[in-house]
Amino acid sequence: MTDAQPGEVRRSAAPAVWGKVPPRNKNFTGRKELLEKLRSGMTAGNTGQVTVVLPQVLPHALHGLGGVGKTQMAVEYAYKYGNEYDLVWWISADQRVLIRSSLAALAPYLDLPSAAAIGVEDAANAALDALRRGKPYERWLLIFDNADEPEEIRDVIPDGPGHVLITSRNHRWEDVVEAVPVDVFNRAESVAFLTKRVRRAIAPEDADRLAEQLGDLPLALEQAGALQAETGMTVDEYIDLLNEHASQLLDEGKPTEYPISMTAAWNLSVSRLSERRPESIDLLRCCAFFGPEPIPRDVFSQRVSGLSPRLTELLGNPIKLSRSVGELGRFALARIDPSSRTIQVHRLIQALVRDELDPEERASHLGDVHRLLTGLQLGNPEESVNWGRYGGILGHIVPARLQDSRDVAVRDFALDLARYLFMSGDAFAQEFVNLFIDQWERDSGPDDFHVLKAYREQGNILRQLGQYNEVYELNQRTLGKMRRVGTPDDELLLLVSGIGADLRARGDFAAALEHDVDSVRRHERAFGPDDPRTLRAKNNLALDYCLTSRFQQARELHETAFIGLQDVQAGAATVLVHWNALARAVRLSGDYAEACDLGEEALAYGQEYLGREHPAYLLTAKDLSIAWRRFGELGRALEMCTDVHGRYVRRYGLDHPDTLAAAMSLANVQRNNGEEQEGLELAADTVKRYPRIYGADHPYHLACTGNLALLHRTCRDPVKARELNEETLRNIERRLGRDHHYYLTVATNAASDLAALGQYDIAVERGRETHRRMMTLVGQSHPMTLACAANLASDLKHLGTAEAVEEAENLREETRGGYARRLNLEHPDAIAFLEERHLDLDFDPPPI
């Protein structure tokens, strides 16, 4: 069997998808009863069968040691029963970060967007959801190899129609799922294995004696069989040497962390291989300091300076290197997979190799591994085309203790990895960057250059998680330290560009505007006006213009930034963010048709290049639903917004800023579609949640409270609406003043509350002031101004005086012309105006 390609369907009896399963061991022997028991357990029910393979603790080893063949049994099960499944997928589970990346790699085979399109976390979640639903495959098998604590992977074990197989050394799985203990071979299996493994004939009695000496431990038998096959030594010679090595180990008084039989067998294999090809041992020792996952062969094909002399010599001779790799495979000290071009060393062998080295030797080999990893040319971590290369080495970072290095190049590489995890949406990003910050601070102090850069990445990650208060405090501390230690301006500006978002998150729109004006000026001076970093700073400034009611300035600057991206090689996500920001500014300017056209084009681009689960796609879809609502396409808007809100809930939960923004937009469109009660309930819940993220005094929370008041009126409670709106107006005036579109939106609705209560004189007084301020702020022909004018004309008419009626008629004529020119008279707002119904204004929270 070979791995399928995304979209490939096998026409044979083999699984349609076969992914990452290690090669079958041609020497696999026995285990027939265990395999049958395992299969019986798997098929006992129709759905959700989870079986765990566990070793029994050997009499001479503690804590359920490895080497009894759990992984090999899982591999054999996959090959033996693979034709009973449509999908078989192997997951290395000894590091949590690898589990989600492996699940994300499965997504394209399930007709889902790849991790490069939507990020690791979203792709993994989408794959789990598809498995639970059994779409497109019901008969699937997931194999989690070497899982440790049940709590660490319980959330990634999908229930559903398929099967899950777990290998582990932890007996606690017995309390969680149905366990199948795996012991050492029985004697008949040991003899059969050695007969198959040793190419020349071996007498059954000799195989029996050898198995007795090795305690029937499969990994030790593999070592012994490989050594005899390669050297031709007799069983008597091997047993004599084995006893000699075992006695030495016992005499040395080493802790019995591993079975003596295994340690002695390994020691003997290494001893003979070092006599035959000593450079192979150098390679083995280097491999021992990588993770137990497959090591890309290209790691050893690069020219890297600073390596230890013997490794430098080996890597500089491709013939000798290839021979050494082959010897490790022939002596069963490593698994060589030519199809994937990888080298993999069993974690028990790695531990035995490391234990034989003194501290100085360990440090030397670790340094070599760090240099080899750093030497890989993985590309820009912000570009999704490179994410596969970063993901391919991620499993070696923590085992290699990259955080311990003080080398500048190694630390730069670690920061690139942190950036990759952040940009790809991997949930491991926060844990990863914290690991490096903790170690680097201990080694180099809190003001070290790389520590400060790591804090900058931590701020980006926390902002993505919606932890705005923590981000602000962290970035302010980091900025102060960077300035104090004289951080170069090009590095400093990467942090400065995010401070505006922190200020917006705090609701300080004026300060954010002032900051970002200065940021753009500094970016232009440092990088030039057309550099992508400068364009990003301009995009941020345009967001400030939108939040301070300067819609035309925002539109012009967003357009400048978006056009500028056409001349640089920006990633698809960056392009979509800028494109959608321009469409949003056009909508806020009152040009709803143009906003729809821009948004539809942007959304099609996002779907093609990023997929429907990418955060930038979801934001664009939400904004397009708002544009459709403003344009009057209420059915499309409701359908789109309902879908987007559901995706946000699944992605982030209920209390994330993006989920809350989508919820408020959904409540608005529900009101527009006659679902006022549903909208009221959703808005009430959303308003209750907003202070948890932003605080009760944030303008977003206040403006959303205005939406809630509006829904109370449309649900026939104008008294409650008025009370809530009056309180909201006082709070918004205190935060933003009266000449802000948030205030004027609520003021327009507050006038309608008064009209609904029959207090037309007060309604007219408020309506006049609001209309005057609205015209000054956004212009006479803006739809918000027209709505305000339409309501004022209606209220004037209800006053009944000749003067008021004349004023109402004049204002209606002006407003009718304004609707005809700006929206057309078939627009729902124009129809409501012509029918002399009050128009309502609402608020949709924009991104920070």
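Residues numbered from 1 in each chain as written. Predicted model: local features only at pLDDT ≥ 70, side-chain atom pairs only at ≥ 80, totals over all residues. Heavy atoms only, no water.

1. Digging into the overall build of the protein
Looking only at helices and strands, one finds 38 helices and 9 strands in the protein. Along the longest, intermediate and shortest principal axes, the C-alpha atoms of the protein span 120 × 65 × 40 Å. Here the protein, with 848 residues, has 58% of them falling under the buried criterion. Considering only residue pairs separated by 6 or more positions, the protein has 68% of its internal contacts joining residues 24 or more positions apart. A total accessible area of about 34400 Å² is found for the protein, and carbon and sulfur atoms account for 47% of it. The average position of the 98 basic charges and that of the 127 acidic charges among the side chains of the protein differ by 2 Å. (Helix = DSSP H or I, 4+ residues; strand = E, 2+ residues; numbered from the N terminus. Buried < 20%, exposed > 50% of the residue type's maximum accessible area, 1.4 Å probe, protein only. Contact = heavy atoms within 4.5 Å. Areas by Shrake-Rupley, 256 points an atom, 1.4 Å probe, with all protein chains shown as cover. Lys, Arg positive; Asp, Glu negative; His and termini not counted. Charge placed at Lys NZ, Arg CZ, Asp CG, Glu CD.)

2. What about the nonpolar core?
Grouped together as the largest cluster of nonpolar side chains are 128 residues, with contacts concentrated most on Leu 142, Phe 144, Phe 300, Leu 372, Leu 373 and Ile 397. Among the elements that make up this core, the one with the highest residue count is helix α18 (residues 408–423) (9 residues). Those residues within four positions of Leu 373 in sequence are excluded, and the remaining contacts are Phe 290, Ile 393, His 396, Ile 397, Ala 400, Leu 402 and Phe 413. Grouped together as the second largest cluster of nonpolar side chains are 83 residues, Tyr 617, Val 669, Val 687 and Leu 729 included. (Core = buried A, V, L, I, M, F, W, Y, C linked by side-chain atoms within 4.5 Å.)

3. Let's talk about the pairing of strand β5 (residues 163–167)
Burial of β5 is extensive: 5 of the 5 residues sit out of reach of the surface. Side-chain alternation along β5 places His 163, Leu 165 and Thr 167 on one buried face and Val 164 and Ile 166 on a second face that is also buried.

4. Description of the confidence of the model for the protein
Put simply, the protein has an average pLDDT of 86, and 91% of its residues get 70 or more. For the protein, strand β2 (residues 49–55) is the element with the lowest average pLDDT, namely 51, and helix α34 (residues 741–756) is the one with the highest, namely 98. Residue range residues 54–65 is modelled with pLDDT below 50. Its contacts to residues more than four positions away, or to other chains, number 40 contacts. The low-confidence segment residues 249–257, where pLDDT is below 50, has 10 contacts with residues more than four positions distant or belonging to other chains. (pLDDT = per-residue confidence, 0-100.)

5. Points about helix α32 (residues 699–714)
Between its terminal C-alpha atoms α32 stretches 23 Å, which fits the 22 Å expected from 16 residues at 1.5 Å a residue. Among the 16 residues that make up α32, 15 are buried, leaving the element largely enclosed by the rest of the structure. After α32 finishes, the residue Arg 716 shows a positive phi value of roughly 70°. (Expected span 1.5 Å × (residues − 1).)

6. Topic: the packing of α32 against helix α33 (residues 718–736)
Their axes nearest at 8 Å, the elements α32 and α33 cross at an angle of 160°. With respect to each other, α32 and α33 are oriented roughly antiparallel. Regarding α32 and α33, the two cross each other, and that crossing is left-handed. In contact with Pro 699, Leu 702, Ala 703, Thr 705, Gly 706, Leu 708, Ala 709, His 712 and Arg 713 of α32, α33 contributes Pro 718, Lys 720, Ala 721, Leu 724, Asn 725, Thr 728, Asn 731, Ile 732, Arg 735 and Leu 736. Grouping the amino acids of the contact of α32 with α33 by side-chain chemistry returns 10 nonpolar, 6 polar and 3 charged. (Axes fitted to C-alpha atoms, helices over the stretch in contact; angles between N-to-C directions. Parallel < 35°, antiparallel > 145°, perpendicular 65-115°, else oblique. Left-handed = near helix turned anticlockwise from the far one by under 90°. Nonpolar A, V, L, I, M, F, W, Y, C, P; charged D, E, K, R; others polar.)

7. Quick look at helix α16 (residues 359–375)
Look at α16: 24 Å from first C-alpha to last across 17 residues, which is about the 24 Å you get at 1.5 Å a residue. Buried within α16 are the following residues: His 365, Leu 366, Gly 367, Asp 368, Val 369, His 370, Leu 372, Leu 373 and Thr 374.

8. Here's the deal with the sheet that holds strand β8 (residues 335–337)
Spatially, the 3 strands line up as an open sheet ordered β7-β9-β8, and their pairing is antiparallel. Each end of this open sheet is capped by a strand with a single partner; those strands are β7 (295–296) and β8. Bridge count for β8 against strand β9 (residues 342–344) is 3 bridges, and the pairing is antiparallel. Paired with Asp 337 across the strands is Thr 342, a residue of β9. (Pairing = 2+ DSSP bridges.)

9. Description of the state of the cysteines
Overall, the coordinates contain 0 disulfides when judged by the stated rule. Free of any disulfide, Cys 287 has its nearest neighbouring cysteine sulfur in Cys 286, separated by 5.8 Å. (Disulfide = S-S within 2.5 Å.)

10. Side note on the pattern of salt bridges
All told, the structure shown has 59 salt bridges when counted by the stated rule. Between Glu 633 and Arg 636 there is a salt bridge; the shortest N-O distance is 2.6 Å. Residue Arg 636 is classed as partly exposed on the basis of its relative accessible area of 39%. With its nearest N and O atoms 2.8 Å apart, the salt bridge here joins Glu 769 to Arg 738. Taken as a pair, Glu 769 in helix α35 (residues 760–778) and Arg 738 in the loop between α33 and α34 lie far apart in primary sequence, 31 residues in all. Take Glu 769: its relative accessible area is 26%, and that puts it in the partly exposed class. (Salt bridge = Lys/Arg side-chain N within 4 Å of Asp/Glu carboxyl O.)

11. Observations concerning the packing of helix α26 (residues 572–588) against helix α27 (residues 592–609)
Across the interface, α26 lies against α27 with an axial gap of 8 Å and an inter-helix angle of 165°. Between α26 and α27, the angle is such that the two are roughly antiparallel. Between α26 and α27 lies a crossing whose hand is left-handed. Listed contacts from α27 to Ala 572, Val 575, Leu 576, Trp 579, Leu 582, Ala 583, Val 586 and Arg 587 of α26 are Tyr 592, Glu 594, Ala 595, Leu 598, Gly 599, Glu 601, Ala 602, Tyr 605, Gly 606 and Tyr 609. Tallied by class, residues from the contact of α26 with α27 come to 13 nonpolar, 2 polar and 3 charged.

12. Some remarks on the side chain of Thr 705
The residue Thr 705 is located in helix α32 in this model. Look at Thr 705 and you get buried, because its relative accessible area is 9%.

13. With respect to the packing of aromatic side chains
By the definition in use, this model includes 20 aromatic pairs. Ring geometry for Phe 436 and Trp 440: centres 5.4 Å apart, planes at 75°, overall edge-to-face. Here the residue Phe 436 and the residue Trp 440 both occupy positions in helix α19 (residues 429–444), the gap between them amounting to 4 residues, near one helical turn. Like Phe 436, the residue Trp 440 is buried in the burial classification. By way of ring pairs, the aromatic residues Tyr 468, Phe 509, Tyr 690, Tyr 694, Tyr 700, Tyr 742 and Phe 843 are connected into one cluster. The ring of Tyr 81 carries Lys 80 above its face, with NZ or CZ at 5.7 Å from the centroid. Over the ring of Phe 527 we find Arg 533; its NZ or CZ atom is 3.8 Å from the centre of that ring. (Phe/Tyr/Trp six-rings, centres within 6.5 Å; stacked < 30°, edge-to-face > 60°. Lys NZ or Arg CZ within 6 Å of the ring centre and 35° of its normal.)

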